[in-house]
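# Structure at a glance
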Amino acid sequence: FRSLRFKGVGFSYENRGTGDFALNAVSFTLHGSKVYGMVGDNGTGKSTIAKLILRVLKPQEGNIYFLGRALPLFKRGEIVKSVCYVGQFPEQHITLSTVEQYRTRARKMGNTLSEQMLGRLFPEEKSYPVSQLTPLQMKLVLLLSSIHADTRLVILDEPTWGVDRRGEIELLEVFFHILRKVKSLSLLIISHDIGYIERLNAEVLLVEHGSVSWFPRTDSYTDSSCGVST
């Protein structure tokens with residue numbers, strides 16, 4: 001099924017210079033249970049597309065649909081529950097002091113999935129102060145504390161930034177564990193690391209010159225280290 005659809009979306013920033021970009025009649029569709037990569041040079045509009053999805057920005061032309069409904073019809077709480085976003089700099093979005101506090105919050109909210117996944121990577125025997133976490137661990141805390149059984153779209157902005165090779169492999173394992181646990185989930189990775197996206201065997205969207213072009217991948221991906229097929 002269609003999880004997200006851009007139909008003729010246009011957007012530009014006010015007072016932009018002649019070298020700045022504008023999104024011109026952008027159209028694409030993401031489907032459930034698939035992995036997508038979004039690539040492009042700096043300033044081409046990748047993060048702007050993410051902000052449009054999160055309703056931080058509003059399209060000036062065209063429409064955005066999510067789960068078959070026009071995006072403006074969703075209440076803020078519905079967006080928070082259905083869309084999980086982890087930015088390039090996780091420290092800017094950390095609000096609690098320890099992983100245990102995130103686990104406790106998930107338990108109080110009845111988010112069993114989040115509680116279980118946090119426990120899988122951060123055993124309860126330790127509190128894990130956020131100030132002592134690596135960039136990778138911060139990203140995982142934000143991702144796993146935001147994931148919900150009702151999540152239908154996960155957006156990861158430059159997830160491999162500040163992460164070493166071993167951490168990249170750990171991210172792969174977490175991604176596919178999430179895909180096993182959450183049905184009909186779309187995973188959108190915004191990245192300059194085309195090699196990492198290729199390892200995911202994702203369908204690729206190229207953002208350039210105000211438009212989005214497809215480089216579809218139709219074959220299934222099997223990761224031997226994770227034992228997962230998508």
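Residues numbered from 1 in each chain as written. Predicted model: local features only at pLDDT ≥ 70, side-chain atom pairs only at ≥ 80, totals over all residues. Heavy atoms only, no water.

## Section: the overall build of the protein
Where we set the bar: Secondary structure is summarised from DSSP: a helix means a run of H or I of at least four residues, a strand means a run of E of at least two, and numbering begins at the N terminus for each. Values of the radius of gyration come from C-alpha atoms, whereas the globule rule sets the reference at 2.2 Å times the count of residues to the power 0.38. We call two residues contacting when some pair of their heavy atoms lies within 4.5 Å. The protein chains shown are the only cover counted for residues, whose accessible areas, like all others here, come from Shrake-Rupley with a 1.4 Å probe. Charge assignment: positive for Lys and Arg, negative for Asp and Glu; neither His nor the chain ends contribute. Where a charge lies is defined by one atom per residue type, namely NZ (Lys), CZ (Arg), CG (Asp) and CD (Glu).
Within the protein, the secondary structure is distributed over 7 helices and 12 strands. Whereas a compact globule of 230 residues would reach a radius of gyration of roughly 17 Å, the protein reaches 18 Å, a difference of no more than 12%. Seen through its principal axes, the protein has C-alpha atoms that stretch 55 × 35 × 35 Å. A sequence separation of at least 24 residues applies to 69% of the contacts in the protein between residues at least 6 apart. Taken as a whole, the protein presents about 11,500 Å² of accessible surface, with 49% of it coming from carbon and sulfur. In the protein, which carries 28 positive and 23 negative side-chain charges, the distance between the mean positions of the two groups comes to 8 Å.

## Focus on the nonpolar core
Formally: We call a set of buried residues a nonpolar core when its members are Ala, Val, Leu, Ile, Met, Phe, Trp, Tyr or Cys and they connect through side-chain atoms within 4.5 Å of each other. For the exposure calls, accessible area comes from a 1.4 Å probe over protein chains only, and a residue counts as buried if that area is under 20% of its type's maximum, exposed if over 50%, partly exposed in between.
By size, the foremost hydrophobic cluster in this structure holds 42 residues, and its most contacted members are Leu143, Phe175, Ile178 and Leu200. Those residues in contact with Leu143 that sit more than four places away from it in its chain are Cys84, Val86, Val154, Leu156, Val174, Phe175 and Ile178. Formed by 29 residues, the second largest nonpolar core is a distinct cluster that contains Phe11, Leu23, Ile64 and Val83.

## Quick look at the sheet that holds strand E1 (residues 2-12)
Defined as follows: Any two strands with at least two DSSP-identified bridges between them are counted as paired.
Ordered by their spatial adjacency, 4 strands build an open sheet running E2-E1-E4-E5, and the pairing between neighbours is antiparallel. With one partner strand each, in any of the chains shown, strand E2 (22-31) and strand E5 (69-70) form the two edges of the open sheet. The pairing of E1 with strand E4 (residues 61-66) spans 5 bridges and is antiparallel. Directly across from Lys7, in E4, lies its bridge partner Asn63.

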